[in-house]
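# Survey of secondary and tertiary structure
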There are 2 protein chains.
Amino acid sequence: MATKPSIPKGTRDFLPEEMEKRNYIFNTIKSVYAQYGFRPIETPAMENLSTLMGKYGEEGDKLLFKILNSGDYLHDVTDEDWREHNSNKMLKKLSEKGLRYDLTVPFARFVVQYRDQIKFPFKRYQIQPVWRADRPQKGRYREFYQCDADVVGSDSLVNELELIEIIDTVFSKFGIRVAVKINNRKVLAGIADMIGAPDKIVDITVAIDKLDKIGLEAVNAELLGKGLDDRQVAALQPVLLMQGGNREKLAALSQILQASEMGVKGVAELTELLDLLDGAEIRNTVELDLTLARGLNYYTGTILEVKALDVQIGSITGGGRYDNLTGIFGMEGVSGVGISFGADRIYDVLNQLDLYPKSAAMGTQIIFLNFGPAELRYLLPLVRRVREAGIAAEIYPDAVKFKKQMGYANDRQIPYVAIVGEDEMAKGVVMLKDMATGEQNPLTIDQLIAKFH
Amino acid sequence: MATKPSIPKGTRDFLPEEMEKRNYIFNTIKSVYAQYGFRPIETPAMENLSTLMGKYGEEGDKLLFKILNSGDYLHDVTDEDWREHNSNKMLKKLSEKGLRYDLTVPFARFVVQYRDQIKFPFKRYQIQPVWRADRPQKGRYREFYQCDADVVGSDSLVNELELIEIIDTVFSKFGIRVAVKINNRKVLAGIADMIGAPDKIVDITVAIDKLDKIGLEAVNAELLGKGLDDRQVAALQPVLLMQGGNREKLAALSQILQASEMGVKGVAELTELLDLLDGAEIRNTVELDLTLARGLNYYTGTILEVKALDVQIGSITGGGRYDNLTGIFGMEGVSGVGISFGADRIYDVLNQLDLYPKSAAMGTQIIFLNFGPAELRYLLPLVRRVREAGIAAEIYPDAVKFKKQMGYANDRQIPYVAIVGEDEMAKGVVMLKDMATGEQNPLTIDQLIAKFH
């Protein structure tokens, strides 16, 4: 036999058992999105490179998968190009398309392209794979699904409220206990303002983000290393050391940030959101966390992240508000807010906590064994009735040995086996074997159907 | 504003209205596949070019989208390669991966790769996009979904029966009247045998396939042009002119083909399949059609195609049995049979016949208007109860003018609008407006929920 075939590194096949679990995750998320009035869209896997390049930073440009032009792709490449041997420059002539890197940039492109057909506020969800030429490692793939929902064309914090309700509902359905961490980019900007280092906001948020991991001393050292002076680092301490509940933190912030217009606005937004959340019945904890920064620099307001309480794993959902996502495609002034569920991590959490519905409930319920043409003729109309009653059923296609057929039923973990031989045919019944208990009973087809309802 | 962004030619975005219709199609197909014990798998969008190349003929190799290697993709290209300027030869150094061209070859690769984990007979379905660098034209796209189901590891014609039942059930659910055309490759091979031109089987089937379109005379001329002699073309006439019902055709074939071992086997298979179909309750017509050839040369037994009766359009589903699909990856002797629904054409047929469920039934059922913070506080717990009762509901996020909010409800075709002002708050009710009739009634939240159940 030839060498076993394989797939590109960092990509995955999904076998039926995995697919059934993944579908459970996607279907749960979809149903909650729909419950809140979000509607599905899809965009092509390939986008023009002009849409993608420059949107994810220099590193992101490198991580885009590029599609070689069709036909004679060398057509436009000159000897001069070849002598220069510049991969980047030649790329423009070899490739016009790339695989989407996330769902956010294609969505921004979509909103601008269909601005005249879309009704705003536009609430969409999108569940599709994305591709990144990252170095594959445990839990990081080159192809993975994103599950995004966004509202664009509305500034109202009711959108943030509803997205947090969606998160709360989805994880309650899964049975995963979570903490929803929230923060606001305007508050972070206010903090940078307040210590007189507005241009250092990225360095400050990156450093704050590490507080949990490396501790206060190391964070302070890093801030000094980034060019903040002693006075500025000292001024940051009340923020870094802030304790207490959400409302206490807000009260403290409102003091600290009173001189920063941006900071005051951020505090007002957080206050309004907490007020709205008080009126809702959120089952999980929502916690104001000033160390939450989120890397993506298009966020301008609320930011949020979700942590599983019972499993050690990174953020399993994230999101935030952006004021000008469509600006990159020339359409200004469209504010939006969105979230993205991390399906791969949720998959791992559900596995670790053993929270999946029994696989038996997701697949074939009953298999009819096959003893030959006469028995088959008798069976076919019965199986049809069982299926029409909404019960997933199989017939073993080949009239092979009983043991082989039972082995298949067993391996597949099909909960019931229906056995019809001469005896059963004569009596007009089906022998139903419960594979869990081993018990078997002769039933009419009506009795059999009733058993599953 | 910058130029409007766009997407690569031959690709599509799907807006919510289209997505809801497409999901209706995919969900219907999935549910019937599952009813018959088929289980989902997924494979990566990218496959190694070694998996894909040479599997679709020379033309197919050209139509594969190739992915440029990451990083310095020019690394392995030499000056010598450049001087040769041979796109094909250089390709091996620039690209190792391509986008899948269909679901069949990746499935064959999958079966071989996981042969030790899979239980045979293995019944899988797979609904994923495929990519082809074809010249785009009406109804032909560079990215489109395939919806395949296959059984591998079983020779039984019960599989063919069940796939035809699946086709019959799916189109009955859609309300599309169809004819299922069946034939058998062994019969076609037998015909080629019988006229003493076994090496001309491809030319003969291609010519027969055109009978409907170009007529008998032109088919005969084409056959002569392909190197058949007058005697051979004359011997073919009884086949080309064959009339009558399925059983009559079979009887005639069994006479004509009695000297061909292959032909006799094909007739026996068709007879057994028709016997099995007699025992089933197929709602649509199943018709033995000797002009059905299907282009793909891996088919070896039953072949089938589905035509819509009430719309002029090509085949909307096709399939067949192949004896050795996994042979291309070194695993011999695994017979399989499969079908593939043509989702894009089914989409068009449902549109033309106006057979979609009302879009109202698929999206948001009710929208609560937003008159400001006090009303919102009152609303939030009510909306939550409505959603928990399984009713898809929205809140208009911004407290903008009544007319604008009503305009949104109208544009979105949301069937009910809930209006809560001071009056309703005082009385503990919600004013429910039926957008179809214009009627409005004050209801308690319990009465409102009851209305949707």
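Residues numbered from 1 in each chain as written. Chains lettered and ligands numbered in written order. Predicted model: local features only at pLDDT ≥ 70, side-chain atom pairs only at ≥ 80, totals over all residues. Heavy atoms only, no water.

## As for the sheet that holds strand β15 (residues 430-434) of chain B
Residues and elements named next belong to chain B.
- Taken together, the five strands give an open sheet; going across it, the order is β13-β12-β14-β15-β16, and neighbouring strands pair in mixed fashion. Pairing within the sheet leaves two strands with one partner each, and these edge strands are β13 (393-395) and β16 (440-443). Each strand of the sheet is rotated relative to its neighbour by a mean of 25°, with strand direction disregarded.
- Both β15 and β16 contribute to a ladder of four bridges, which runs antiparallel. Paired with V430 across the strands is L443, a residue of β16. (Pairing = 2+ DSSP bridges. Helix = DSSP H or I, 4+ residues; strand = E, 2+ residues; numbered from the N terminus. Axes fitted to C-alpha atoms, helices over the stretch in contact; angles between N-to-C directions.)

## Some details on the interface of chain B and chain A
- Listed by partner, the interface residues are 105 residues for chain B and 104 residues for chain A.
- Here chain B and chain A share an interface that buries about 9600 Å² over both sides, 57% of which is from carbon and sulfur atoms.
- It is R39, W82 and R384 of chain B that lose the most area in chain B upon contact with chain A, and together they represent 9% of the buried surface on that side.
- Its salt-bridge partner being R39 of chain B, residue E17 of chain A comes within 3.3 Å of it at the nearest N-O pair.
- Linking chain B to chain A there are 44 residue pairs in polar contact (both at pLDDT 80 or more). (Contact = heavy atoms within 4.5 Å. Buried area = accessible area lost by both parts, 1.4 Å probe. Salt bridge = Lys/Arg side-chain N within 4 Å of Asp/Glu carboxyl O. Polar contact = N/O pair within 3.5 Å; in protein donor to acceptor, adjacent residues only side chain to side chain.)

## Quick look at the domain arrangement of chain A
- Looking at the assigned domains, one finds that chain A contains domain 1 (177-309) and domain 2 (363-451).
- Between the C-alpha centres of domain 1 of chain A and domain 2 of chain A there is a distance of 62 Å. (Domains from an automatic or database assignment.)

## A closer look at unusual backbone geometry
- Residue P121 of chain A is bonded to the preceding F120 of chain A through a cis peptide linkage, with omega at -5°.
- Looking at the secondary structure, you find P121 of chain A in the loop between α6 (104-113) and β5 (122-131).
- For D354 of chain A, which is not glycine, the phi dihedral falls at a positive 55°.
- By the secondary structure assignment, D354 of chain A is in the loop between α14 (343-352) and β12 (366-368).
- Positive phi outside glycine occurs at Q413 of chain B, with the angle close to 55°.

## Overview of the pattern of salt bridges
- Counted according to the given criterion, the structure contains 66 salt bridges over all chains.
- Of the charged contacts in the structure, one is a salt bridge between R124 of chain B and D150 of chain B, with a shortest N-O distance of 2.8 Å. Note that R124 of chain B is positioned in strand β5 (residues 122-131) and D150 of chain B in strand β6 (residues 143-152), a separation of 26 residues in sequence.
- Residue D150 of chain B is classed as buried on the basis of its relative accessible area of 6%.
- Here the salt bridges do not stand alone but share partners, grouping K123, E162, E165, D168 and R283 of chain A together with R384, R387, E388, E394 and R412 of chain B into one network. (Buried < 20%, exposed > 50% of the residue type's maximum accessible area, 1.4 Å probe, protein only.)

## Some remarks on the packing of aromatic side chains
Residue and element names in this part refer to chain A.
- Taken as a whole and assessed by the stated rule, the structure comprises 37 aromatic pairs over all chains.
- Seen in terms of ring centroids, F107 and F122 are 6.1 Å apart; in terms of plane orientation they differ by 25°. Their pairing is stacked. Linking F107 in helix α6 with F122 in strand β5, this pair joins segments that are 15 residues apart in sequence.
- We classify F107 as buried; its relative accessible area is 1%. (Phe/Tyr/Trp six-rings, centres within 6.5 Å; stacked < 30°, edge-to-face > 60°.)

## Let's talk about the nonpolar core
- Formed by 122 residues in total, the largest nonpolar core has its most connected members in I366 of chain A together with I166, F171, F174 and F341 of chain B.
- Top element by residues in this core is helix α7 (residues 158-174) of chain B. It accounts for nine residues.
- With near-sequence residues (within four places) excluded, I166 of chain B lies in contact with V32, Y33, Y36, F38, I339 and F341 of chain B. (Core = buried A, V, L, I, M, F, W, Y, C linked by side-chain atoms within 4.5 Å.)

## Section: the confidence of the model for chain A
- Residues with a pLDDT of 70 or more make up 98% of chain A, whose mean pLDDT is 93.
- Here the predicted complex scores 0.94 on pTM and 0.93 on ipTM. (pLDDT = per-residue confidence, 0-100.)

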